[in-house]
Amino acid sequence: MERGDFGNLRVGEFRPPNIKLPGSVTTLIPIAIIGLWLLWSTVYTVSPEEVGVILTFGEFTSVNDPGLHFKLPAPIQTVSKVPVQRQLKEEFGFRTLSAGVRSQFDTVGEESAMLTGDLNVAVVEWTTQYRVADPYLYMFRVRNVTETFRDMNEAVMRTVVGDRSVTEVLTIGRQEIASEVERRLQEMCDQYETGIRIE
C-alpha cells in the first residue's frame, strides 16, 4: 500500500459528504424577516391612560382597553392610541417653553388682546384643561380637532369678554367669566361632537 492510500480512496482526493439543508439560507432569511414583521404588526400594547382604536382598511372597527392585544397585520388593520385618562391642556396668550421650578413662558399677543364691552383692550391669558371623553367622536367627527378646539376657545372667550367691562375682566368678574366660558365651551363641544369634556 502506498503512502496516503486507503483502499480506493486517496487522502488528497477526500471530499466531505454533501449534506443538504431543508432550505437554503437565501430562502430562510426572507421567511424569517416576514415572520418577524407579521409578529411585530399583529401584537400591540395599549398604555393604562390610553385606549386603542382599531381601524380595518381605514374604517372604525372597535375600541380596546389597556393591555396586550392582537390584530390583523398592518395593511389590513391599524391601531391609533388616544389618551382618555390623561388631562390635556391648551394655552392661549402664552406658551410654556420649559416647566419646572423656574418655568419659562413666551407671550402670543394676537391671541390675548381682546376688546371689552366698554371698548377697552384687555390682555386675557388663559389655559383650558380637558379630557377625551369619546375616542370615536374625537378621531372621526371633526377634522383637525385640536385646531377646531382652539378656535372654539378663542371665539367663546372673546364673546364673554366682549359682554363685560374692562374692570370686570381684570378684577371681580374673572371667576364668573371662567365659569361662563367653561359652560359655553362644553355646549359647543357637544354640539360639534368633538368627544371632548372640559375640566
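Residues numbered from 1 in each chain as written. Predicted model: local features only at pLDDT ≥ 70, side-chain atom pairs only at ≥ 80, totals over all residues. Heavy atoms only, no water.

A.B. asks: Residues and numbers for the nonpolar core, please.
C.D. replies: Among the nonpolar cores identified, the biggest contains 30 residues, and Val124, Met157 and Ile196 are the most heavily contacted of them. Put simply, the parts of the chain that give this core at least two residues each are strand 4 (50-56), strand 8 (88-92), strand 13 (126-132), helix 4 (145-162), helix 5 (166-170), helix 6 (174-192) and strand 14 (196-198). The greatest single-element share of this core, amounting to seven residues, is contributed by helix 4. Sequence-distant contacts of Met157, that is, excluding residues within four places in its chain, are made with Met114, Val124, Trp126, Ile177 and Val181. (Core = buried A, V, L, I, M, F, W, Y, C linked by side-chain atoms within 4.5 Å. Buried < 20%, exposed > 50% of the residue type's maximum accessible area, 1.4 Å probe, protein only. Helix = DSSP H or I, 4+ residues; strand = E, 2+ residues; numbered from the N terminus. Contact = heavy atoms within 4.5 Å.)

A.B. asks: Outline the side chain of His69, listing residues and values.
C.D. replies: With respect to the helices and strands, His69 occurs in strand 6 (residues 67-70). Of note is the side chain of His69, whose polar atom sits 2.6 Å from the backbone oxygen of Asp65. (Polar contact = N/O pair within 3.5 Å; in protein donor to acceptor, adjacent residues only side chain to side chain.)

A.B. asks: Before we move on, can you summarise the sheet that holds strand 14 with the specific residues and values?
C.D. replies: In spatial order, the strands read 8-13-14; together these three strands make up an open sheet with antiparallel pairing. Edge positions in the open sheet fall to strand 8 and strand 14, since each of these has one partner strand only. When strand polarity is set aside, the average angle formed by the axes of neighbouring strands in this sheet is 35°. Relative to strand 13, strand 8 runs antiparallel, the two being bridged by five bridges. (Pairing = 2+ DSSP bridges. Axes fitted to C-alpha atoms, helices over the stretch in contact; angles between N-to-C directions.)

A.B. asks: An account of the packing of helix 4 against helix 6 is requested, with residue identities and associated values reported.
C.D. replies: Contact geometry of helix 4 with helix 6 gives a least axis separation of 9 Å together with a crossing angle of 140°. As summarised for this structure, helix 4 and helix 6 are arranged oblique, according to the angle between their axes. Crossing angle aside, the handedness with which helix 4 passes helix 6 is right-handed. Residues Phe149, Met152, Asn153, Val156, Met157, Thr159 and Val160 of helix 4 lie in contact with helix 6, whose contacting residues are Ile177, Glu180, Val181, Arg184, Leu185, Met188, Cys189 and Tyr192. (Parallel < 35°, antiparallel > 145°, perpendicular 65-115°, else oblique. Left-handed = near helix turned anticlockwise from the far one by under 90°.)

A.B. asks: Report on the packing of aromatic side chains, specifying residues and quantitative values.
C.D. replies: If you walk through the whole model with that rule in mind, you get five aromatic pairs. Taking the centre distance of 4.7 Å and the plane angle of 55° together, the rings of Tyr130 and Phe149 count as tilted. With Tyr130 in strand 13 and Phe149 in helix 4, the pair connects residues that are 19 residues apart, well separated along the chain. With 5.4 Å between their ring centres and 45° between their planes, Tyr136 and Phe140 make a pair best called tilted. With Tyr136 and Phe140 both in helix 3 (residues 135-140) and four residues apart, this pair spans about one turn of that helix. Judged by relative accessible area, which is 31%, Tyr136 ranks as partly exposed. Members of the aromatic cluster, joined through ring pairs, are Phe60, Tyr136 and Phe140. The cationic tip of Arg150 hangs over the ring face of Phe92; the distance from NZ or CZ to the ring centre is 4.3 Å. (Phe/Tyr/Trp six-rings, centres within 6.5 Å; stacked < 30°, edge-to-face > 60°. Lys NZ or Arg CZ within 6 Å of the ring centre and 35° of its normal.)

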